[in-house]
Amino acid sequence: MRVVLYTGKGGVGKTTTAAATAACAAARGRRVLALSADPAHSLGDVLGERLGPEPRRVAASEVRGRPLVLDACEVDARAEMERHWGAVRDWLVAIFRYQGIEETVAEELALLPGAEELSALLAVEAFAKGGAYDLVVVDCAPTGSTLRLLALPELARSAFRVVLRMQQAIASVVTPLARGLLAVPLPDAAVFGDADALFYKRLRDLRRLVTGPRTSARLVVTPERMVIDEALRAHTDLALFEVPCDAVVMNRMLPDDATREAFFRDWSRVQTERLEEVEARFAPLPVLRAPLREDEVVGVAALARHGAELFGRRDPGAVLQTGPRLRFVRDDEGLRLELPLPHAEPRGLEVSKRDDELWIATGAQRRSLKLPRTLARASLRAARLAAGTLVVRFEAARP
């Protein structure tokens, strides 16, 4: 199963690009699901269809004698959260009600930060594993929310592992008699069951999905300085969490003949310069170009044509570029870790080791990386950036 995640700064056209990718892939014979994980949900508007949480067929025809399969849906994050988080949510509501908070407020407080984004990702995983589709194209939220979404499996698993251990330790020393005497609602087996299934089993599977070789993110940009700068930071942050990026889409490029008009001549020159910059700074990622259209691209047929122009002979569902990944290396100087961090700045980089975890911070993002057993007892010797790669050296513990 192939999963493509589209993100970018708000307003750059990521929804149209995601829908065009899905329509183009379907027109070329793939079984495709276009899925919106953006709470704003504009995928249905672009497709010209009314969508809900369950996939519905938005295109039905044949391509070279084969059925064209293009389904689409908009994830209902709250419904997904109820399914995966129900018992834990109910327990939290009871705790808040015990504190004197009215029920409607308690229910809102029980929606822990990131829970809705996590629920959206769980829906993506369910469709990806279902076997009904060859390709799932995800229209993600704007860049910042997408980074939280993709980092969430690792961050949530690490945080809730500590919380659940504490809760289980408390619950284990409270006898059934004491449990009946106490007014404070205590977590029961259903709470621990839901939490264990979600934060251990499902988060592990989500981590494998978003970092696996069949998943990649694509960044949509326009030839504007702030947009490009945000995409460069996003590329670094995606790499920090080992989410591969396989392409950049430069959207809304003026057509070549626009330079005939004096008004557009300088604008076209600036766009050309920005395109060259994007190609150089994101290399070796391919940079796909999408022209500025006279009107909005709406409907499956128009989106398929837009996608065909965007990809040309490329397969829209293929992994368009692969690159180096995290690796551990032993050489004459000892043990080292190598993690690609394109565009990272040394002054914004922090590396530290706590017990068996390596903490890496770049910009506003922070990651805790569990070290293999051979490095758990080793000490941190040095960390530096070399040609866009973080190199961390360890000193083996003395026996």
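Conventions used here
Residues numbered from 1 in each chain as written. Predicted model: local features only at pLDDT ≥ 70, side-chain atom pairs only at ≥ 80, totals over all residues. Heavy atoms only, no water. Core = buried A, V, L, I, M, F, W, Y, C linked by side-chain atoms within 4.5 Å. Buried < 20%, exposed > 50% of the residue type's maximum accessible area, 1.4 Å probe, protein only. Helix = DSSP H or I, 4+ residues; strand = E, 2+ residues; numbered from the N terminus. Contact = heavy atoms within 4.5 Å. Pairing = 2+ DSSP bridges. Right-handed = clockwise from strand over helix to strand, strands pointing away. Phe/Tyr/Trp six-rings, centres within 6.5 Å; stacked < 30°, edge-to-face > 60°. Salt bridge = Lys/Arg side-chain N within 4 Å of Asp/Glu carboxyl O. Axes fitted to C-alpha atoms, helices over the stretch in contact; angles between N-to-C directions. Patch = residues over 30% accessible without salt bridge, like charges linked within 9 Å, V, L, I, M, F, W, Y side chains within 5 Å. Areas by Shrake-Rupley, 256 points an atom, 1.4 Å probe, with all protein chains shown as cover. Parallel < 35°, antiparallel > 145°, perpendicular 65-115°, else oblique. Nonpolar A, V, L, I, M, F, W, Y, C, P; charged D, E, K, R; others polar.

> What exactly am I supposed to notice about the nonpolar core here?
Most often, soluble globular proteins have nonpolar side chains that are buried together. Residues L35, L47, L70, V138 and F394 are the most contacted members of the largest nonpolar core, which totals 90 residues. At eight residues, helix α9 (residues 225-240) tops the list of elements feeding residues into this core. Setting aside residues up to four positions removed in sequence, L70 forms contacts with A22, A23, A26, V32, R56, R57, V58, A59 and V300.

> I would appreciate a short explanation of the pairing of strand β7 (residues 245-253) in the present structure.
On a regular strand, each side chain points to the face opposite its neighbour's, so the side chains alternate between the two faces of the sheet. Taking burial as the measure, the nine residues of β7 include eight buried ones, the bulk of the element. In terms of strand pairing, strand β6 (residues 215-221) meets β7 through five bridges, oriented parallel. Directly across from L219, in β7, lies its bridge partner V248. In this view, the connection linking β6 to its parallel neighbour β7 by way of α9 has right-handed handedness.

> Explain the packing of aromatic side chains here, please?
Both the distance between ring centres and the angle between the ring planes are used here to describe each pair of aromatic rings. One pass over the full model with this rule turns up one aromatic pair. Relative to W267, the ring of F264 lies with its centre 5.7 Å away and its plane at 25°, an arrangement referred to as stacked. You can see F264 and its partner W267 sitting in helix α10 (residues 262-281), three residues apart, about one turn around the helix. On the accessibility criterion, F264 (28% relative accessible area) is partly exposed.

> What should I look at first to understand the side chain of T362 in this one?
With respect to the secondary-structure elements, T362 resides in strand β12 (residues 357-362). By relative accessible area, T362 is classed as buried at 6%. Every residue in contact with T362, bar those within four places of it in the chain, is listed here: T236, D237, L240, A344, G348 and L349.

> Whenever I open this one, the pattern of salt bridges confuses me. Can you help?
One side chain can pair with another of opposite charge once the charged atoms of both are near each other. All chains considered together, the criterion is met by 28 salt bridges. Measuring nitrogen to oxygen at the nearest pair gives 3.1 Å for the salt bridge that ties E242 to R207. Residue E242 is found in the loop between α9 and β7, and its partner R207 is found in helix α8 (residues 189-211); the two are separated by 35 residues along the sequence. We classify E242 as buried; its relative accessible area is 16%. Note on R207: relative accessible area 17%, which makes it buried. Close ionic contact of D331 with R393 constitutes a salt bridge, the shortest N to O distance being 3.0 Å. Placement of D331 in strand β9 (residues 327-331) and of R393 in strand β15 (residues 389-395) is noted, with a sequence separation of 62 residues between them. Look at D331 and you get partly exposed, because its relative accessible area is 28%.

> Any chance you could explain unusual backbone geometry here in plain terms?
For residues other than glycine, phi is negative in most cases, and the peptide bonds are mostly trans. Omega for the bond connecting A283 with P284 falls within 30 degrees of zero, at 10°, which places this linkage in the cis form. Its location among the elements puts P284 in the loop between α10 and β8 (287-291). You will see that R252, though not glycine, has its phi angle at about 60°, which is positive. Assignment of secondary structure puts R252 in strand β7. The phi angle at A387 is positive, at roughly 55°, despite the residue not being glycine. Here A387 lies in the loop between β14 (379-386) and β15.

> What is the right way to read the sheet that holds β12 from this model?
By definition, the strands of a sheet pair up through backbone hydrogen bonds, in either a parallel or an antiparallel sense. If you trace the three strands from one edge of the open sheet to the other, you get β11-β12-β13, paired in antiparallel fashion. Strand pairing shows two members of the sheet lacking a second neighbour, β11 (349-354) and β13 (365-370), which therefore form its edges. The sheet shows a mean angle of 15° between the axes of neighbouring strands, direction not considered. Note that β11 and β12 share six bridges and pair antiparallel. Bridge pairing links V351 to I360 in β12.

> I'm lost on the sheet that holds β14 in this one. Help?
Spatial ordering of the open sheet is given by β9-β10-β15-β14, a layout of four strands whose pairing is antiparallel. If you trace the sheet from one side to the other, it starts and ends with β9 and β14, each paired once. Sheet twist, expressed as the average angle between the axes of neighbouring strands with direction ignored, equals 25°.

> What am I meant to see in the pairing of β14 here?
Sheet topology note: the β14/β15 ladder contains seven bridges and is antiparallel. From the neighbouring strand, L385 faces β15, where its bridge partner is L390. In sequence, β14 turns back onto β15 through a hairpin of two residues, with A387 there showing a positive phi of about 55°.

> Whenever I open this one, the environment of R56 confuses me. Can you help?
By secondary structure assignment, the location of R56 is in strand β3 (residues 56-63). Residue R56 is classed as partly exposed on the basis of its relative accessible area of 35%. Excluding residues that lie within four positions of it along the chain, R56 makes contacts with E49, R50, L51, L70, D71 and A72.

> Even after reading the chapter, I still don't get a nonpolar patch on the surface, so can you show me in this structure?
There is a patch of nonpolar side chains on the surface, built from F263, W267 and L292 and spanning about 350 Å² of accessible area. Structurally, the position occupied by L292 is in the loop between β8 and α11 (300-311).

> Looking at this model, I keep getting lost on the packing of α9 against α10. Mind explaining?
Between two packed helices, the angle of one axis relative to the other and the distance separating the axes together describe the packing. Orientation of α9 relative to α10, taken along the N-to-C sense of each, is 5°, at an axis distance of 11 Å. Considering the angle they form, α9 stands roughly parallel to α10. Seen from α9, the contacting residues are R225, I228 and L232; seen from α10, they are R274, E277, V278 and R281. Residue composition of the contact of α9 with α10, grouped by class: three nonpolar, no polar and four charged.

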